[in-house]
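Commentary on secondary and tertiary structure
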Amino acid sequence: MTVRWRSVVCVAAVLQACGDAPAGSVPGADVADVGPDLAPDAVQDIGLDLPEDAPPAAALDASEDVGLDVTMDAPLDAEPDAVPDAPADAAPDAAEDIAPDAAPDAVPDAPMDAAPDLTPVDVAPDACPAGLSRCGDVCIDLATDPASCGACGRACVAGARATAGRCEAGRCVQACEAGYGDCDGDPATGCEVDLRASPAHCGACGNGCSAATLGTDRCVAGRCAARSCAALRGADARAVDGAYLLDLDGPGPLAARSFYCDMTGGGWTLVENQVPSEPLPDETATVNPTAFGRLDASWRLGVPDILAVRPAAAWKLTDASTAVYFRPACVVDWRINYTDVPTASDCTTGYTTEALTSAVNGGWIYCSARGIGVNNSARSCSMRGSEGGPAAQGAGPHGRAYSCNYSSTTERVSLWFR
Ligand SMILES: [Ca+2]
Ligand SMILES: [Ca+2]
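Within each chain, residue numbers correspond to sequence positions counted from 1 in written order. Note on labels: chains are lettered from A, ligands numbered from 1, in written order. A pLDDT threshold of at least 70 governs which residues receive local features in this predicted model, and a stricter bar of 80 or more applies before side-chain atom pairs are shown or counted, although totals over entire chains, interfaces and linings include all residues.

1. Notes on the overall build of the protein
Labels follow the DSSP assignment, with helices taken as runs of H or I lasting at least four residues and strands as runs of E lasting at least two, numbered in each case from the N terminus. When you go through the protein residue by residue, the secondary structure sums to seven helices and 17 strands. Working definition of a contact: two residues with C-beta atoms, positioned from the backbone, lying within 7 Å. Considering only residue pairs separated by 6 or more positions, the protein has 40% of its internal contacts joining residues 24 or more positions apart.

Next comes the structure, spelled out in structure tokens:
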């Protein structure tokens, strides 16, 4: 269109510039022709050209250049940088950093921390570790837990003379005060047994003392007391030599105490012992009781305790190499001085063997002994549990024991019974 209108203007200008009018035209007609031609053309050309030419160029260039530069450059530069970056940095980071971190950390952590302690134990009945049992919310070792011993909630209580209850193998066991025992297994009765004196539970629950075998069922200081070493030996053929607790009169008034037992020959009980370094004193009562049971010390069971001894088989006086036996009927009494007894006595007639068939000195003779002893009368053996007789007649100090070698005190002298 632009070209077309420019051509028209040019044709009109050419026609006008060529001078057609002066050569053959009518002035009036020419003016009239020119007027209409110029006016419409100028108006049309200018009006049409300017508005159309200028705006299109400017509009197109501006809109296209600016639009492209701005809209394309700006959006490309700005949007990619601003928009993508921001969302990429913010959204992904936030979403990825927060969501993944928060979710895995928060959710798994709580269950994992709580789970081992609570969830598996609380929820799953069979989740208790081996050896533990479920009691409500917790797993308990019913074998040892004093609050749930053998069963949930079955508490071990401390009864009388019990300091505390403990659980052993699912059974409540009283922690008893010293000397007491829970022998019935019943916590309600506490530690009902005095183990120091109970014949049925002597020293320990169920350890009964048998009168049939020990000669007494007495329990002394937690030990079964026998009436003699022979009783102990009869109850236990494996019993060896040594000190044992004996109650010589059983339920009688004598206190049980330690005695030395020689288990050979059925069990001999030692009631007097003198070592060469410690001659026994002139004393009829018990001497040196704390040394009872010892072979390396001097001591003697005195009156009245010795009067309660009733041997079943015999008495026996020994030194290092000799043994003299006496009838069991002899009642040893250190107060009796046989120097003053002019008749035969079971306590002054000694025998060579336990069979009591052959007298050492052939029968009775005077003997300057107290309690028990024989006089060799210069023929064989003279052995005394305690020297007696008039001081002027005695071969040695009163009260001293003498060996068969009467003139010597270099041997240990002992008095036994069985
Ligand atoms: Ca009890
Ligand atoms: Ca007694």
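2. Some points on the pairing of strand β17 (residues 413-417)
Counting other C-beta atoms within 10 Å of each residue's C-beta, where C-beta atoms are placed from the backbone, gives the exposure class: buried for 20 or more, exposed for 12 or fewer, partly exposed between. The buried fraction of β17 is high, at five of five residues. Burial along β17 is two-sided: the residues Val 413, Leu 415 and Phe 417 and Ser 414 and Trp 416 are all buried. Looking at chain direction, strand β11 (residues 268-274) and β17 are connected through five bridges and run antiparallel. Bridge pairing in β17 links Thr 269 to Phe 417. For two strands to be treated as a pair, DSSP must find at least two bridges joining them.

3. Quick notes on the environment of Ser 198
Inspection of the secondary structure puts Ser 198 in the loop between β6 (193-194) and α6 (211-214). For the pair Ser 198 and Cys 209, spaced 11 residues apart in sequence, the C-alpha to C-alpha distance is 8.6 Å. Not counting the four nearest positions on each side in its chain, Ser 198 is found in contact with Val 193 and Cys 219.

4. Comments concerning unusual backbone geometry
Across residues other than glycine, the phi torsion is negative in most instances, and most of the peptide bonds are trans. Of note, the amide linkage connecting Val 303 to Pro 304 takes the cis form, showing an omega dihedral of 10°. Relative to the helices and strands, Pro 304 resides in the loop between β12 (299-300) and β13 (315-318). For Ala 221, which is not glycine, the phi torsion reads 55° and is therefore positive. Along the chain, Ala 221 falls in the loop between β7 (219-220) and β8 (223-224).

5. As for the nonpolar core
The nonpolar core criterion groups buried Ala, Val, Leu, Ile, Met, Phe, Trp, Tyr and Cys residues into a set whenever they are joined through C-beta atoms within 7 Å. With 61 residues, the main nonpolar core has Ala 226, Phe 259 and Ile 372 as its most contacted residues. Mapped onto this core, the elements with two or more residues apiece are α7 (229-235), β9 (242-246), β10 (257-262), β11, β13, β14 (323-326) and β17.

6. Some thoughts on the confidence of the model for the protein
As a note on interpretation, predicted positions should not be read in detail where pLDDT is low. The pLDDT averaged across the protein works out to 75; a share of 67% of its residues lies at or above 70. By definition, pLDDT measures how confident the predictor is in each residue, and it falls between 0 and 100. Long-range and interchain partners of residues 1-123, a stretch whose pLDDT sits below 50, account for 26 contacts in this model, where long-range means more than four residues apart.

7. Some words on the environment of Thr 410
Tracing the backbone through its elements, the reader meets Thr 410 in the loop between β16 (383-384) and β17. It is 9.2 Å that separates the C-alpha atoms of Thr 410 and Ala 320, two residues lying 90 residues apart in sequence.

8. Some thoughts on the environment of Cys 183
Following the sequence through the fold, Cys 183 ends up in the loop between β5 (180-181) and β6. A C-alpha to C-alpha distance of 6.6 Å links Cys 183 and Val 193, two positions 10 residues apart in sequence. Contacts of Cys 183, omitting those with residues within four sequence positions, involve Glu 192, Val 193, His 201 and Cys 205.

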